[in-house]
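# Structural description and commentary
Letter by letter, the chains look like this.
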Amino acid sequence: MPELPPSGILRSWFVRLLAGAALGLSLFAAESWLLLRSGVVGMDIPVEGPYAALMAAVRPVIPGLLLRVAAVYAVAGAVLAAAATLLARAWGRGGPLATLGQGLLLFSLLAWDRAIARPALFDDLPALRPVLAWLVDHGEPWHPRVFAAGWLVVHAMAWVLRPGAGRGRRALWLGGAAASTAGVLLVGQGSWGQGKAAHPLVVVIGIDAFRPDRLESQGGTGAVAPNVERLLEEGTLFTRAYTPIAQTEPAWRSLLTARWPHETGVRYSLTSDARMQLQRTFAESFAQAGWRTVFATDCSRFHAEGPASGFETRLQPPRGAVNFLLEKLRYRAVGVFADHALGAAWLPEFIDNRALAGIHDPMGYSERLASRLVDEASQGPTLFAFHATAAHFPGDPVHPFYRRFVSASEPLERRLRMHFAPVSPGAKGGWNRPGAEALYDELIAQADAQVGTLLDALRRAGRYDDALILLMSDHGESFHADREDLAGATPVHGARLSEEENRILLAVKPPRGRGTAPASVDALVRLVDVGPTLLELSGLPGLTDVDGVSLAPLLRGEAWAPLSLYAETGFTHVLPEVFDPGHWPGAPRAFDAYRIRPDGVVEMGPAAHVGILQEKDVGAFDGQRWWVDRPQADGRVWRSCSGDCAGPDALALEAWFDGVQGRLAPGGWRKVAGHVDDSGKRQPAGTLRSPEQLLRLRPGQRTGPAHPQPRGG
């Protein structure tokens, strides 16, 4: 019968593990103290004034959240203590100081590795800036790993060769090493496996803010999005696709319902749920046909899908005030110790949340999501939608993307993370346009790599060929190329109706490849056409009484009646008069424009809602010309036309524009489902809008009283 280890050994191990856990909790306390007193990189947390409602909403969840974070620190400290004890005893008995030294070295190796992989984890620590800058320029992931491997080999040799180490111990150690190596090899060679039946699979992938001019066929270099380029080899690219609104939440609502924003009720980010029109979505149609429907995103601060989306399963960070608080909780050791599947299961709010710069591991997230995609697809017909948000704030590229396009001469803070600079003439935000576009390209490349992870998983599982895959972006991005006085300002989307902001990526790979479908389609198409297209290609009934149409005829090469786009601006931090002097600027842009519900959901308040609707530009586009209505500070509306504005086509587009807004005939208006009129008053459903409420000023008219023509919307 084997002898039991002496109780002294057990006590020694228990004491060391307890000491390691205590050190981990001490690190947690130190980071908490720094969070409360530090003001670097916007980490201060004001709790007075309008922020009181925010803190009141998140206070109930903070204790449980912090306890889970503290548990990560304690467990990590204990694990490091155990590993350090083994390493220290390779040289003999190993006293406390030797164990502590080994533990600090192990922690340093982990931090070294993470600083190379995700430097934004440490970029707000001024003392580490010089070291971090060197690592960003010269560090490679294999550096800390080779050092660690060498360190372990030295200790293994010392363990085996030291006096008193018998053959049994050497055999035990070698056997354990062999088993560990075999385990690593087995994990590395694991197979995704193919499902027994190839259930129908539709995959919708949205890359936030992707501008199609980054594609090689559209004037780009081809280096930004190689995975997208590869998919296009087997699919059809719609080269003139546009979104009706260049902001994520309202764009996705129009995508799901196939309706214009003024019909969905979602016309800006953080729209109140009470203002949303509950309309059928294409996801709901898939679900009612017996399909599994899944939506996933790694950022939900300004776009979260609820039950009204029609997706039965929604994988996203917590919505509302809690998520805005999490952005401030820079517990860096969470990013060091918990950036893996186990950590994501324990702290998904941190590990799978794009809002946490450096802590979130986008590539690990995409690998876990790819596994979920393959698993869902193996269980039945599946609609799986993923919204990749790498190009949004905090905009922190990870290795190797932070070396792709931004010049090494740029300051470190502009290489590792987005920083806000006001969009105002002569902005002194430290940005320059080439640097801002280069950082954007790195982030798009990072999102493209996430997309590649999902597509490669489908290939390994044997599901790529038979999957219907639709690739899109919700909007573009403007770097103010037409305004030299804004060269130092933050990029923006949703502020203007423009090619840069409203033109989007849209491509379809049918099951078994493109076949006889064209490689590209130049007809104008819209984001609202996505749902009807997916339903027809999947053999399901289409949505009724919607603005979108199926693009399947274009994929079959059939004749096509030209389409027109209705579009409107969103709501951004940019005052509209920056781009249009004399524009009505009434929407408030302070924190108190929002309200926080008792459940913590952040919504736009009623006063801001009225101002936003009054402030919007609305327009129509047919590929040749834009008609745009711009509200002016004096209460009139300036209607302008850009492009080919003469002839019957221009007049036809203008008439269509009036019809979409609600005009049936001169002086007539259709009934609407409730709206805010141009005086700012809420009108009940079914009321008629008076044609004298708003004047329209047309090009060529003299200033002063204009003809009393109404505007809808």
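Quick summary incoming for the structure in this document.

The rules behind these values
- Along every chain, residues carry numbers that run from 1 in the direction the sequence is written.
- With the structure being a predicted model, the display of local features is reserved for residues of pLDDT at least 70 and the display and counting of side-chain atom pairs for 80 or more, all residues being used for whole-chain, interface and lining totals.
- Side-chain metrics rest on all non-hydrogen atoms present in the structure, leaving aside hydrogens and water.
- The axes used here are C-alpha line fits, helices contributing only the stretch in contact, and every angle between their N-to-C directions lies in the interval 0 to 180 degrees.
- Numbering of helices and strands runs from the N terminus, with a helix taken as a DSSP run of H or I at least four residues long and a strand as a DSSP run of E at least two residues long.
- Under this scheme an angle from 65 to 115 degrees is roughly perpendicular, one under 35 degrees roughly parallel, and one over 145 degrees roughly antiparallel; angles in between are oblique.
- Left-handed is the label given to a crossing in which the near helix is rotated counterclockwise from the far helix by less than a right angle, and right-handed is the label when the rotation is clockwise.
- Two residues form a contact once any of their heavy atoms are found within 4.5 Å.
- For this scheme, ten residues count as nonpolar: Ala, Val, Leu, Ile, Met, Phe, Trp, Tyr, Cys and Pro. Four count as charged, namely Asp, Glu, Lys and Arg, and the remainder, Gly too, count as polar.
- We define a salt bridge as a side-chain nitrogen of Lys or Arg found within 4 Å of a carboxyl oxygen belonging to Asp or Glu.
- Whether a residue is buried, partly exposed or exposed follows from its accessible area with a 1.4 Å probe, protein chains only, as a fraction of its type maximum: under 20%, in between, or over 50%, in that order.
- Strands are labelled as partners when DSSP assigns at least two bridges between them.
- What is meant by a nonpolar core is a set of buried Ala, Val, Leu, Ile, Met, Phe, Trp, Tyr and Cys residues, joined one to another through side-chain atoms within 4.5 Å.

## Observations concerning the packing of helix α3 (residues 62-89) against helix α4 (residues 96-117)
- As a packed pair, α3 and α4 sit with axes 8 Å apart at the nearest point and diverge in direction by 120°. With respect to α4, the axis of α3 lies oblique. For the crossing formed where α3 meets α4, the hand is right-handed. Contacts between α3 and α4 involve Leu80, Ala81, Ala83, Ala84, Thr85, Leu87 and Ala88 from the former and Ala98, Thr99, Gln102, Gly103, Leu106, Phe107 and Leu110 from the latter.
- Residue composition of the contact of α3 with α4, by class: ten nonpolar, four polar and no charged.

## Some remarks on the pattern of salt bridges
- Evaluated as defined, the whole model comprises 47 salt bridges.
- Glu376 is the partner of Arg372 in a salt bridge, and the nearest nitrogen-oxygen pair spans 2.8 Å. Residue Arg372 and its partner Glu376 are located together in helix α16 (residues 362-377), separated by four residues, close to a single helical turn.
- Judged by relative accessible area, Arg372 falls into the partly exposed class, the value being 32%.
- For Glu603, the salt bridge is made with Arg595, and the minimal N-O distance between the two is 3.4 Å.

## Quick word on the pairing of strand β17 (residues 636-643)
- As defined by bridge partners, strand β16 (residues 625-631) adjoins β17 across seven bridges and the pair is classed as antiparallel. For Pro631, the partnering residue across the bridge sits in β17 and is Val637.
- Hairpin connection between β16 and β17: a loop of four residues separates the two successive antiparallel strands, and Gly635 in this loop has a positive phi of roughly 95°.

## Re the nonpolar core
- Ranked by size, the top nonpolar core spans 50 residues in total, and within it Ile207 and Phe386 carry the most contacts.
- Elements represented by at least two residues in this core include exactly β1 (201-207), α8 (226-232), β4 (292-297), α16, β6 (382-388), α18 (433-460) and β7 (468-472).
- Of all the elements, α18 adds the most residues to this core, at twelve residues.
- The contacts of Ile207, once residues within four sequence positions are left out, are Val228, Ala388, Ile444, Ala447, Val451, Leu471, Met472, Ser473 and Asp474.
- Counting residues in each nonpolar core, the second largest holds 45 residues, with Ala57, Tyr331, Val334 and Leu356 among its members.

## Quick notes on the sheet that holds strand β9 (residues 506-509)
- Read across the sheet, eight strands follow the order β5-β4-β6-β1-β7-β9-β2-β10 without closing on themselves; strand pairing throughout is mixed. The open sheet has two edge strands with one neighbour each: β5 (313-315) and β10 (520-521).
- With two bridges joining them, strand β2 (residues 236-238) and β9 adopt antiparallel strand pairing. Its bridge partner lying in β9, Leu237 is registered against Ala507.
- Sitting on the sheet, helix α9 (residues 248-257) touches β4, β6 and β7, and the angle it makes with β6 is about 160°.

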